[in-house]
Amino acid sequence: MAPPTASRLDVLRAALLVLVTSCATLVLELAAARLLAPFIGASLHTWTSIIGVVLAGISVGSYAGGQLSQRGASFRWLAGLTALGAALALLPLGWVAVLGDGAGLRAIPVLPRTFLLTFLGFFPVSFVLAMVTPLALRLLLPDLGRAGRIGGLLYALGTLGGLAGNFLTGFVLVAWFPVPTIVLTVSGALLLCALLALPRASVAAPPVQAPVARQGSASEPAARDVAEAAPGAEVDPRTGDMAEAAPGAGVDLRTRPALACFLVACASFCTLAIELAASRILAPTVGVSLLSWTGIIGVVLTGMALGNLVGGHLADRWPRQDVLAASMLVAAASCLLIPPVHQWLVLTGLFDGLGLQARIVAYTAAVFLVPVTALGTLSPQVLRLALADVGQAGRIVGRLSAWSTAGALLGSFLTGWWLIAKVGVYPLVAGASLGLVALAAFVGQVWRRPRFFGATAGVLALAGVFGSLGLFASPCTEETDYFCININQVEHDGRKLLAMQLDHLTHTMVDLEDPSYLGYPHGYIHSEVVRHVAARTVEPRVLVIGGGGYVVPRWVETYVPQARMEVVEIDPAVTRIALERFGVKPDTRIASFSLDGRQYLQEMAERGAYDLIIQDAVNDLSVPYHLMTREYDELVRSLLKPDGIYLLTVIDEIPRGAFLRAAIRTVQEVFPHVELLHDARSGSKGQGVYIVAGSVRPMELERLPELLKGLGIEKPRTGRVPRAEIDAYLSAGPALLLTDDFAPVDNLLAELFLLREQVAP
């Protein structure tokens, strides 16, 4: 029994549900980091857990939706699942309310706690919303001849929904609304879509029944549909479904479902590996920021959507394994071109005249759009080749979607937690390309087709040439999950220095023979405030969040040896390199911790014990937002002694910078006494590094020049912005209060990108 043909309105309603549920899933995924950061931080482990749990929910939900479609599909089912998703979207807010300050969870180790919170909050909603797509496909699919196009269309709509959720959340929602408001809006939108899916008259697909022989007159239209969709293909005269593939075309995926699942999993694995590699490949060129991630995610999702549409048409026009194998070869060749294309663009400076946002999008599109589009063509073709009859469409698409997401899940975890750090991004890209070549050779049975054998050999030869030219070698001294780390000898201030470059920013410069040289001006400000604290405390206790090259901790250990130093640096490789190569004593007394800064303050730092806390966890314009909120400042205050001082490093511009204005306003909410410090040699306005200083008691920094003069320092580097100038700056524009619910740090910093471009030569 064939399902009734869906009307244009039914198609639009189903398309809307797929689009909105996919968009909602990505919005909730991005919101998850904001909701959970106060409890588990915002480290790589946090993001990996969030991505993994959401992908797992999508995978299991896709499979469950496919199985459910075997019992029939209707808009009532779709509406019910969407409404249930609307209710489950509120679950994370409930957990946050129950957890309070999270004290009840601190007995659980960080990693199990991270997984537990992400699973309880975001697996249920991801699971339920993922069931919508396979049910929609089963409902809309009238005959097998259009399986590729409809499957490609729904895949593309799901990808476009994710694209919309990405840009909407990153550019609009987080900048304007608190996270609870965003979650409530998502829930309301899902509920509205569920109501729109419930008119009285609605198409429904019947439950799957065993195939029965049909009369010739009834089967002829179906046979014509398939023949028109796939010229040259053979048709089963009893069912109107595709018959065996032409001899020599390759393996038959209808009789090998495990292979079909493996192929879509490999395609998704490669796509996620390329996406994560893109962030590391582009980081030395354009840095790591909200803008770079938005550009990467946007280009990847666009490529996937284009690939799904193209793949759907290829699948219906030429539903053959050799076409699928050729598509794999195209994907492999385009991935091989990633390193040389990127390096050529950097050498020629082709996009250097563009503004930063346009430059990011141009670099990302030029390097990654074609490979991701080629990879996106594979899943619709596999779906079309794996279908034997329309009645099994929902189950098969659910199974393939589940394995596709499982491949993406594995690609995310394996790439982010192991491959990038162990083998490097360029060897990773080369490995993905060679893996695709091997799959293409097997699927297309290369040994039977001389032309295909030649094409395969050509791609392998291209890989060999690029490898011999060193194009797959890592450009970094060391690659980690967080940074491309380069260690270089440089000359600056008439000195020969050792520099640590993290991505495209020279983060630290040290003179191995002279610990007094601190490189950047804000390092000197930190050192002078340490002297100020040490003058009134016998054994000052200093905590630094963001170690980098340990230039200030090394100075403290040398010139204020009585101080107790603790340094928190999230990347253990940065700490190891700093301790081994940047002049720190082998028998150092500095206590180092590789942990998210907020986690350390919550879990390990002693309350009321610190004389000075230095917050320097910045990498150019990338600032962990959860270290900038009122709640975080309150935590810092609880760790300080009554006369302790908090120094917050901020990169911005006066008078136009919005981020520094928000930082001052937020610190003022917590500390009665707030000063704005700057390099005394460069003035109190313009672009640069500023330090917001907060304390409960007066800091008495006016005594600092006299103290330093007694130590032989005639010209202090610490300048204090006059109170009148601070007040004028705060009143010149909106001074946002940053909270755990509302902290648009990346969006505020995006304005500084624009200001930089306006003054660039």
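Use the structure listed above.
Residues numbered from 1 in each chain as written. Predicted model: local features only at pLDDT ≥ 70, side-chain atom pairs only at ≥ 80, totals over all residues. Heavy atoms only, no water.

K.L.:
Could you give an account of the state of the cysteines, naming the residues involved and the relevant values?
P.N.:
What is meant by a disulfide is a covalent connection between two cysteines, made through their sulfur atoms. For the structure shown, the criterion picks out 1 disulfide. Cys476 shares a disulfide with Cys484; S-S distance 1.9 Å. Residues Cys476 and Cys484 are joined through a disulfide that is left-handed, its torsion about the S-S bond being -115°. Across the pair, exposure class does not vary: Cys476 and Cys484 are buried alike. Free cysteine: Cys266, not disulfide-bonded; nearest cysteine sulfur from Cys270 at 6.5 Å. Of all cysteine sulfurs, the one in Cys270 lies closest to Cys335, which takes part in no disulfide; the gap is 6.6 Å. (Disulfide = S-S within 2.5 Å. Buried < 20%, exposed > 50% of the residue type's maximum accessible area, 1.4 Å probe, protein only.)

K.L.:
Explain the pairing of strand S4 (residues 484-492) to me, and be specific about the residues and the numbers.
P.N.:
Walk down a regular strand and you will see the side chains alternate between the two sheet faces. Sheet topology places strand S3 (residues 478-479) next to S4; 2 bridges connect them, and they run antiparallel. Bridging from a neighbouring strand, Glu478 pairs with Ile485 of S4. With 8 bridges connecting them, S4 and strand S5 (residues 495-502) associate as antiparallel partners. From the neighbouring strand, Asn488 faces S5, where its bridge partner is Ala499. Two successive antiparallel strands, S4 and S5, enclose a turn made up of 2 residues, where Asp493 displays a positive phi of approximately 55°. (Pairing = 2+ DSSP bridges. Helix = DSSP H or I, 4+ residues; strand = E, 2+ residues; numbered from the N terminus.)

K.L.:
Tell me about the sheet that holds strand S12 (residues 673-679), and please be specific about residues and values.
P.N.:
Whether parallel or antiparallel, the strands of a sheet pair through hydrogen bonds between backbone atoms. Spatial strand order, S9-S8-S7-S10-S11-S13-S12-S14: 8 strands in an open sheet with mixed pairing. The sheet is open, and its two edges are formed by strand S9 (591-593) and strand S14 (718-720), each paired on a single side. Between one strand axis and the next, the sheet turns by 25° as a mean value, whatever way the strands run. The strands that helix H24 (residues 658-670) touches are strand S11 (640-654), S12 and strand S13 (686-695); relative to S11, the one it contacts most, it runs at about 165°. (Axes fitted to C-alpha atoms, helices over the stretch in contact; angles between N-to-C directions. Contact = heavy atoms within 4.5 Å.)

K.L.:
Please set out unusual backbone geometry residue by residue, giving values where relevant.
P.N.:
Comment: phi is negative for the bulk of residues other than glycine, and the bulk of peptide bonds are trans. Following Ile654, the chain continues into Pro655 via a peptide bond in cis, with omega recorded as 20°. The backbone of Asp493 sits at a positive phi, close to 55°, despite the residue not being glycine. Relative to the elements of secondary structure, Asp493 occurs in the loop between S4 and S5. Given the relative accessible area of 52%, Asp493 is considered exposed. With a phi close to 60°, Glu700 is a non-glycine residue in the positive phi region. By the element assignment, Glu700 lies in the loop between S13 and helix H25 (704-710). Judged by relative accessible area, Glu700 falls into the partly exposed class, the value being 31%.

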